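Understanding the architecture of this molecule
Letter by letter, the chains look like this.
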Amino acid sequence: MSKHGFTTTILHGDRRQGVEHGAVHKPMHPSSEYAYKDARELTAVFQGKSGFSYARQGTPTTMALEAKITAMESGAGTVSFATGMAALAAIFTTLLRRGDHLVSSQYIFGNTNSLLGTLQELGVEVTMVDATDVAQVEAAIRPNTRMVFVETIANPGTQIADLMGIGALCGRAGLVYVIDNTLTSPWLFKGRDAGAALVMNSLSKYIGGHGHALGGSVTDTGLFDWKGHPNIFESYQNGPSTTWGLTQIKKKGLRDMGGTLAAEPAHRIAVGAETLALRMDRACANALALSRYLVEHPGVARVHYPGLPSHPQHVRAGELFRGRHGALMGIELAEGIDCFDFLNRLSVVALATHLGDTRTLALPAAHTIYYEMGAQRRAQMGIADSLIRVSIGIEDEADLIDDFDRALRGA
Ligand SMILES: *Cc1c(COP(=O)(O)O)cnc(C)c1O
């Protein structure tokens, strides 16, 4: 991170790298290929010199975005991807091999859960544990364990992993600690502070923030010595051993699997990121106000939100996330209120999947995003059939409370 604050650094990042004509944004570079006058120069890029060759491996536009994310996460380097799932797939498939063991939080994004199922079919052993308790993570570790994976605030139940405790454990055991920081974003939390080796972000969510671009990223914090990880190919064991992991992710993950972020969405995400801190603060404040309103409402049976003192990890959230509690909430309505009927009465709130948007979005979680995983796994994740997931946006607080109030009264 520069000597400046979080938002100043993002706002002036491009300009300080020197953009043509004094432009304040890094321009979009749509070129597929990059030409050189000297064949030796072209060759040098293929042999490791910094530069561009074919856009599947990145462009000046994605590189500028990656520099911003690295600064936001106080990391050592970042690789961007077309989506958050492409970023996660790159981490798991390039760093784990058949016979390795992964310990994962049981409270994870539905598609990540599905991806870990694929990984198991490929011969990686996966154990899911309640990662809010570090003792459960520790008890799951085996001689062949290579990696521990957690999310910061889980969706839709808002469980918060023991991020610091697991970091200390991974440090002692020499395990690759991967944190999906999507629900908190680097404004509320930096994986580096918990000792993570890698921090993944879905850029489609808070960082881009406006529901109009998909992207994902993997940031290496620089804390992990990849010499201690047996799965780094010999050709990537060059330079400082703290950089090997990200090199392998970039070559085997981005280049070979091809989930590359195009210049146009990279630009949109970079513009969105300029207001990340402002948007998140507003959304978190809205969420806290809405949760306090809903928890008192007779039409609501339960509110899952870390800002409420009744939340099991309320204190942990207060310590870890800059005094904020995120902007995602799970709501269970009182017996006798039909959740579909309630949802249909909302008018400001949009009925849609996605989260981390400027707009407030709601959907019945068990029937949609967690439908495919089945009733048994949903029960393990604490997802009741009536659970409504709400991603709170930056609307005017009174309008949101009024919208929920009307819908509850009508239903
Ligand atoms: C959305 C999301 C992802 C996947 O990101 P995409 O950009 O949609 O592929 C991964 N993890 C979490 C926690 C998410 O919310």
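Residues numbered from 1 in each chain as written. Predicted model: local features only at pLDDT ≥ 70, side-chain atom pairs only at ≥ 80, totals over all residues. Heavy atoms only, no water.

1. Regarding the sheet that holds strand S5 (residues 176-180)
Strand-to-strand pairing in sheets goes through backbone hydrogen bonds, with the strands running parallel or antiparallel. Across the sheet, which stays open at both edges, the seven strands sit in the order S1-S7-S6-S5-S4-S2-S3 with mixed pairing between neighbours. Since the sheet does not close on itself, it has two edges, and those belong to strand S1 (77-81) and strand S3 (125-129), each with one partner. Averaged over all pairs of adjacent strands, the angle between strand axes in this sheet comes to 20°, irrespective of strand direction. The sheet contact formed by strand S6 (residues 198-202) and strand S7 (residues 216-220) spans five bridges and is antiparallel. (Pairing = 2+ DSSP bridges. Helix = DSSP H or I, 4+ residues; strand = E, 2+ residues; numbered from the N terminus. Axes fitted to C-alpha atoms, helices over the stretch in contact; angles between N-to-C directions.)

2. Section: the site of the ligand
The environment of the ligand is formed by 14 residues, the closest being Gly-84, Asp-180, Ser-202, Ser-204 and Lys-205. Within the side chain of Ser-204, an N or O atom sits 2.6 Å from an oxygen atom of the ligand. Within the side chain of Lys-205, a nitrogen or oxygen atom sits 2.8 Å from an oxygen atom of the ligand. For the ligand, whose free accessible area comes to 380 Å², the fraction covered by protein is 92%. At the level of elements, helix H4 (84-95) and S6 are the ones that each hand at least two residues to the shell around the ligand. Partitioned by chemical class, the residues of the shell around the ligand number five nonpolar, six polar and three charged. (Near = heavy atom within 4 Å. Polar contact = N/O pair within 3.5 Å; in protein donor to acceptor, adjacent residues only side chain to side chain. Areas by Shrake-Rupley, 256 points an atom, 1.4 Å probe, with all protein chains shown as cover. Nonpolar A, V, L, I, M, F, W, Y, C, P; charged D, E, K, R; others polar.)

3. Some remarks on the pairing of strand S9 (residues 328-333)
Burial analysis of S9 places six of its six residues in the buried class, which makes it a mostly covered element. Here S9 shows two buried faces, one formed by Leu-328, Gly-330 and Glu-332 and the other by Met-329, Ile-331 and Leu-333. Strand direction decides the pairing type here: strand S8 (residues 300-304) and S9, joined by four bridges, are antiparallel. Bridge pairing in S9 links Arg-302 to Glu-332. Summarising the sheet, S9 and strand S12 (residues 387-391) pair through five bridges and their orientation is antiparallel. When the bridges of S12 are listed, Leu-328 appears paired with Ser-391. (Buried < 20%, exposed > 50% of the residue type's maximum accessible area, 1.4 Å probe, protein only.)

4. Topic: the UniProt feature "modified residue: N6-(pyridoxal phosphate)lysine" (unreviewed entry) in the chain
Summarizing the sequence annotation, UniProt attributes the feature "modified residue: N6-(pyridoxal phosphate)lysine" (unreviewed entry) to Lys-205 in the numbering used throughout. With respect to the element layout, Lys-205 can be found in the loop between S6 and S7. Given a relative accessible area of 12%, Lys-205 falls into the buried group. Setting aside residues up to four positions removed in sequence, Lys-205 forms contacts with Phe-109, Thr-182, His-354, Leu-355 and Gly-356. (UniProt positions renumbered as here; feature names shortened; annotations may be inferred. Contact = heavy atoms within 4.5 Å.)

5. Here we look at the packing of aromatic side chains
Counting across every chain of the model gives seven aromatic pairs. Relative to Phe-52, the ring of Tyr-34 lies with its centre 5.5 Å away and its plane at 40°, an arrangement referred to as tilted. Placement of Tyr-34 in the loop between helix H1 (6-16) and helix H2 (39-46) and of Phe-52 in the loop between H2 and helix H3 (60-72) is noted, with a sequence separation of 18 residues between them. For the pair formed by Tyr-34 and Phe-52, the shared burial category is buried. Ring centres 4.7 Å apart and planes at 70° place the aromatic pair Phe-224 and Trp-226 in the edge-to-face group. For the pair Phe-224 and Trp-226, a shared accessibility class is recorded, and that class is buried. A cation over a ring is seen here: Arg-97 above Phe-233, with NZ or CZ 4.8 Å from the ring centre. Of note, Lys-252 hangs over the ring of Phe-233, and the distance from its end group to the ring centre comes to 4.3 Å. (Phe/Tyr/Trp six-rings, centres within 6.5 Å; stacked < 30°, edge-to-face > 60°. Lys NZ or Arg CZ within 6 Å of the ring centre and 35° of its normal.)

6. Remarks on the environment of Gly-393
Relative to the helices and strands, Gly-393 is located in the loop between S12 and helix H15 (397-410). Distance from Gly-393 to Leu-355, taken between C-alpha atoms, is 8.7 Å for residues 38 residues apart in sequence.

7. With respect to the nonpolar core
Core analysis: the biggest nonpolar cluster contains 78 residues, and Leu-163, Tyr-177, Leu-294, Met-329, Phe-342 and Phe-404 have the highest contact counts within it. Looking at this core element by element, the count peaks at 11 residues for helix H11 (residues 276-295). Two domains each donate at least three residues to this core, and these are domain 1 (6-273) and domain 2 (277-410). Dropping the residues within four chain positions of it, Phe-404 is found in contact with Leu-290, Tyr-293, Leu-294, Ile-331, Phe-342, Leu-346, Val-349 and Val-390. Among the nonpolar cores identified, the runner-up in size contains 34 residues, and Phe-81, Leu-119, Phe-149 and Val-218 belong to it. (Core = buried A, V, L, I, M, F, W, Y, C linked by side-chain atoms within 4.5 Å. Domains from an automatic or database assignment.)

8. Considerations on the environment of Asp-14
Tracing the sequence through the fold places Asp-14 in helix H1. Sequence separation between Asp-14 and Lys-26 is 12 residues; the distance between their C-alpha atoms is 5.7 Å. Setting aside residues no more than four positions away along its own chain, Asp-14 makes contact with Val-19, Val-24, His-25, Lys-26, Ala-64 and Lys-68.

9. A closer look at unusual backbone geometry
In this structure, the amide linkage connecting Asn-155 to the following residue, Pro-156, adopts the cis form with an omega of 5°. Assignment of secondary structure puts Pro-156 in the loop between strand S4 (145-151) and helix H7 (163-173). Although it is not a glycine, His-21 sits at a positive phi angle of roughly 65°. The residue His-21 is located in the loop between H1 and H2 in this model. Given a relative accessible area of 86%, His-21 falls into the exposed group. Not every positive phi belongs to a glycine, and Thr-158 is a case in point at roughly 60°. Note on placement: Thr-158 falls in the loop between S4 and H7. Given a relative accessible area of 0%, Thr-158 falls into the buried group.

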